[in-house]
Amino acid sequence: MIKTNYLIIGSGVAGLTFAIKIAEQFPNKKITIITKSNAGESNTKYAQGGIAIVTDKIEDSYQKHIEDTLICGDGLCNEEVVKMVVTEGPKRLKELIEWGAKFDKNTKGTLDLGKEGGHSENRVVHHKDQTGQEIQRAILDQVSHKENITVLDHYFALDLITDNNCCYGAYALNEKTNEILTYKSDFTLLATGGIGHLYGHTTNPIIATGDGIAMAYRAHATIKDMEFIQFHPTALYENKSGSSSFLISEAVRGFGAYLRTKNGHRFMLDYDSRGDLASRDIVSQSIDLELKKSGDDCVYLDCTHLNLEEFMKHFPMIYKRCKNVGIDIAKDWIPVVPAQHYLCGGIVVDKNGKTSIDNLFACGECSQTGLHGANRLASNSLLEALVYSDKIYEYLAHQPINESNSKITVSDWERIEKPMIDPKYISEFKSKLQLLMRQNAGIVRNDADLLKAKDQLSKWQIEIDSICRNYQITKASYELKNMIAIGTLIVQQSIERNENRGGFVKINI
Ligand code: FAD
Ligand code: SIN
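All values reported here derive from a predicted model rather than from experimental measurement.

### Some remarks on the sheet that holds strand E3 (residues 51-52)
Part 1: Taking strand neighbours across the sheet as the criterion, the three strands line up as E3-E5-E4 in an open arrangement whose pairing is antiparallel. The open sheet has two edge strands with one neighbour each: E3 and strand E4 (113-114).
Part 2: Where E3 and strand E5 (residues 124-125) come together, two bridges link them in antiparallel fashion. When the sheet's bridge partners are listed, Ile 51 is paired in E5 with Val 125.

Next comes the structure, spelled out in structure tokens:
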């Protein structure tokens, strides 16, 4: 049993920024971060476009950012939350800059602001097309200088320890030694990110398997809005399966690129007056319809009319990746398709990031704050994580550590020698799950397919529970258990929703 004051599960922007602040506030308290891959591996690392923040108070305003967020969320955002998050943006940006993160500037020496779908103004602060990598670098560097933070990489959190609706820590598998350890904590933060690999075809890295949400669900926390899966319109089409798709940032369309069908038609103008810069839900749904009409495998992003030198300056990683797969963006159109990208719902939290379980907090993509409603506005996710990690810190900075919690007895994970399951069996099981989710819970759903998926998922739930009971626990088997739980939540909440909003479309014939 290991005792820590603050247990943080996840080392993306949400977990790390909270860790930095709480470590500074309480230099004598112990902060433990457990993370299932290398500490630098997260959705955060792959963020391209940037962070939506109102920094230009002449052309832009908080009110415009608030309105864009509300329009995008299609009537389901919590307006108070939207106001709070938008207006706190500049303070959180200042902090990131103080921690050493660098953002691009223009020739006037002010921040270079990009534009993305659904934004009425240029307001996306960025570091070329590698904003996430730059943020992750800067905050990891800060964490490495805090003596009271311990980062445990390749530790996989299995389940929360709860009793009487209060959280006392978590069990974690040390992947290097295969031991299951008990972490007893005064406060626990879930910062475990997204769910992309439940769909297989996703922009997310392989760590995104919904673990935190599944753990919270098993502990009976409130989980909401799981039907609002965001599909990014422009993932590079490479005709391969099983690995993450490379994202072509929406900022490329903000820079002037056009979407075209194979025949060259600029179809987005047929669907929305904002054309290529309509919000993400509308662009993805329009591409889906075009592909169903034409039978084509992909649509195209045309950058051939853009200034190549400027393009390479703004999007060096995208330029290089396209070149590596034989696409010369000066001459060729980039083949693109929608791919799972983000989860708008998750573990319900209040304005202090508190879940429905005492002493358990959630932040970032695994949480549901009310900011995104039915569809997240581009580049509002990093912003949300920054604002909420600060809110949780502010709240906990004034919360005494309850000494009586230390007296609670927590049992260790019961471990007896069990056989190993064939890893191939688990990976084939995972592929079947991914196919089921793509076919039955994709961009456009219907009740008949959802009910079929629900039935299959409940059978798979029984099977995976039996695997986890009868074989040695592995990261892969537990991730699969989590993904089946997340799939069940998505399917069930999709069945329950009878009104199409934002990223959710159900058509029953
Ligand atoms: P993550 O950054 O995903 O971190 C989750 C952490 O939890 C990881 O360290 C992971 O290893 C760990 N973890 C998960 N499960 C366990 C477990 N069981 N045990 C231990 N550790 C665990 N948003 C924007 O606002 N702007 C953008 O430009 C942008 N671009 C994007 C581009 C791409 C390609 C992707 C994939 C996302 C993008 N997003 C963008 C979304 C944004 O990056 C994420 O929503 C955000 O970074 C999530 O941060 P997080 O800290 O909540 O989770
Ligand atoms: C992108 O760069 O297109 C992704 C932005 C986001 O997901 O917010």
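Continuing now.
### Quick word on the site of ligand 2
Part 1: All residues adjacent to ligand 2 are Gln 48, Gly 49, Glu 116, His 232, Leu 247, Ser 249, Glu 250, Arg 280, His 341, Arg 376, Ala 378 and Ser 379.
Part 2: A distance of 2.6 Å is found between an oxygen atom of ligand 2 and a side-chain nitrogen or oxygen belonging to His 341.
Part 3: Between Arg 376 and ligand 2, the recorded distance is 2.8 Å, taken from a side-chain N or O atom to an oxygen atom.
Part 4: In the complex, the protein chains occlude 92% of the 260 Å² of accessible area that ligand 2 would expose alone.
Part 5: Its residues assigned to classes, the shell around ligand 2 comprises two nonpolar, six polar and four charged.

### Here's the deal with the site of ligand 1
Part 1: Taken together, 38 residues surround ligand 1, and among them Thr 44, Gly 50, Glu 365, Ser 381 and Leu 382 come closest.
Part 2: Measuring from an oxygen atom of ligand 1, one finds a backbone N or O atom of Ala 14 at 3.0 Å.
Part 3: A distance of 3.4 Å is found between an oxygen atom of ligand 1 and a backbone nitrogen or oxygen belonging to Ala 191.
Part 4: In the complex, 98% of the free accessible area of ligand 1, which totals 1,000 Å², lies under the protein chains.

### A look at the environment of Asp 288
Part 1: Turning to its location among the elements, Asp 288 is positioned in helix H9 (residues 280-294).
Part 2: Since its relative accessible area comes to 17%, Asp 288 is described here as buried.
Part 3: Separated by 149 residues in sequence, Asp 288 and Ile 139 have C-alpha atoms that sit 38 Å apart.
Part 4: The contact partners of Asp 288, leaving out residues within four places of it in the chain, are Ile 443 and Val 444.

### Side note on the layout of surface pockets
Part 1: Counted as a void, the second largest pocket has a volume near 760 Å³.
Part 2: In this structure, the second largest pocket is lined by 30 residues; those nearest its centre are His 201, Asp 288, Val 337, Pro 338 and Arg 438.
Part 3: Among the elements of the structure, strand E11 (229-236), H9, strand E14 (334-343) and helix H14 (423-440) are those that each provide at least two residues to the lining of the second largest pocket.
Part 4: At four residues, E14 tops the list of elements feeding residues into the lining of the second largest pocket.
Part 5: Class assignment for the residues of the lining of the second largest pocket results in 11 nonpolar, 12 polar and seven charged.

### A closer look at the packing of aromatic side chains
Part 1: A full pass over the atoms with the stated rule returns 16 aromatic pairs.
Part 2: Geometrically, the ring pair formed by Tyr 171 and Trp 413 is edge-to-face, given 5.3 Å between the ring centres and 80 degrees between the ring planes. Of this pair, Tyr 171 sits in strand E8 (residues 166-174) while Trp 413 sits in the loop between helix H13 (403-406) and H14; the two residues are 242 residues apart in sequence, bridging distant segments of the chain.
Part 3: Ring centres 5.4 Å apart and planes at 85 degrees place the aromatic pair Phe 255 and Phe 315 in the edge-to-face group. With Phe 255 in the loop between helix H7 (250-254) and strand E12 (258-260) and Phe 315 in the loop between helix H10 (308-314) and helix H11 (316-324), this residue pair connects regions lying 60 residues apart in the sequence.
Part 4: The lysine or arginine in question, Arg 376, covers the ring of Tyr 342, its NZ or CZ lying 4.0 Å from the ring centre.

### What about empty space enclosed by the protein?
Part 1: A full pass over the atoms with the stated rule returns three cavities of 30 Å³ or more.
Part 2: Size it by volume and the largest cavity reaches roughly 60 Å³.
Part 3: Residue lining of the largest cavity: Ile 229, Gln 230, Phe 231, Asp 281, Ser 284, Gln 285, Asn 375, Ile 443 and Gly 503, and that is the complete set.
Part 4: Secondary-structure elements contributing two or more residues to the lining of the largest cavity are E11 and H9.
Part 5: When its residues are assigned to classes, the lining of the largest cavity shows three nonpolar, five polar and one charged.

### Considerations on the sheet that holds strand E10 (residues 223-224)
Within a beta sheet, neighbouring strands are joined by backbone hydrogen bonds and run either parallel or antiparallel to one another.
Part 1: If you trace the three strands from one edge of the open sheet to the other, you get E10-E15-E17, paired in mixed fashion. With partners counted over all chains shown, the strands left at the sheet margins are E10 and strand E17 (367-368), one partner each.
Part 2: Two elements, E10 and strand E15 (residues 346-348), share two bridges in a ladder whose sense is antiparallel. Across the sheet, Lys 224 pairs through a bridge with Gly 346, a residue of E15.
Part 3: Running at roughly 45 degrees to E15, helix H6 (residues 211-218) makes contact with E10 and E15 of the sheet.

Parameters at a glance
Residues numbered from 1 in each chain as written. Chains lettered and ligands numbered in written order. Predicted model: local features only at pLDDT ≥ 70, side-chain atom pairs only at ≥ 80, totals over all residues. Heavy atoms only, no water. Pairing = 2+ DSSP bridges. Helix = DSSP H or I, 4+ residues; strand = E, 2+ residues; numbered from the N terminus. Near = heavy atom within 4 Å. Polar contact = N/O pair within 3.5 Å; in protein donor to acceptor, adjacent residues only side chain to side chain. Areas by Shrake-Rupley, 256 points an atom, 1.4 Å probe, with all protein chains shown as cover. Nonpolar A, V, L, I, M, F, W, Y, C, P; charged D, E, K, R; others polar. Buried < 20%, exposed > 50% of the residue type's maximum accessible area, 1.4 Å probe, protein only. Contact = heavy atoms within 4.5 Å. 1 Å grid on protein atoms, 1.4 Å probe; cavity = no way out; pocket = protein on both sides within 12 Å on 5 of 7 lines; lining within 4 Å. Points joined across faces, edges and corners; volume = space filled by probe spheres on them. Phe/Tyr/Trp six-rings, centres within 6.5 Å; stacked < 30°, edge-to-face > 60°. Lys NZ or Arg CZ within 6 Å of the ring centre and 35° of its normal. Axes fitted to C-alpha atoms, helices over the stretch in contact; angles between N-to-C directions.

Any functional reading would require information that these geometric values do not contain.
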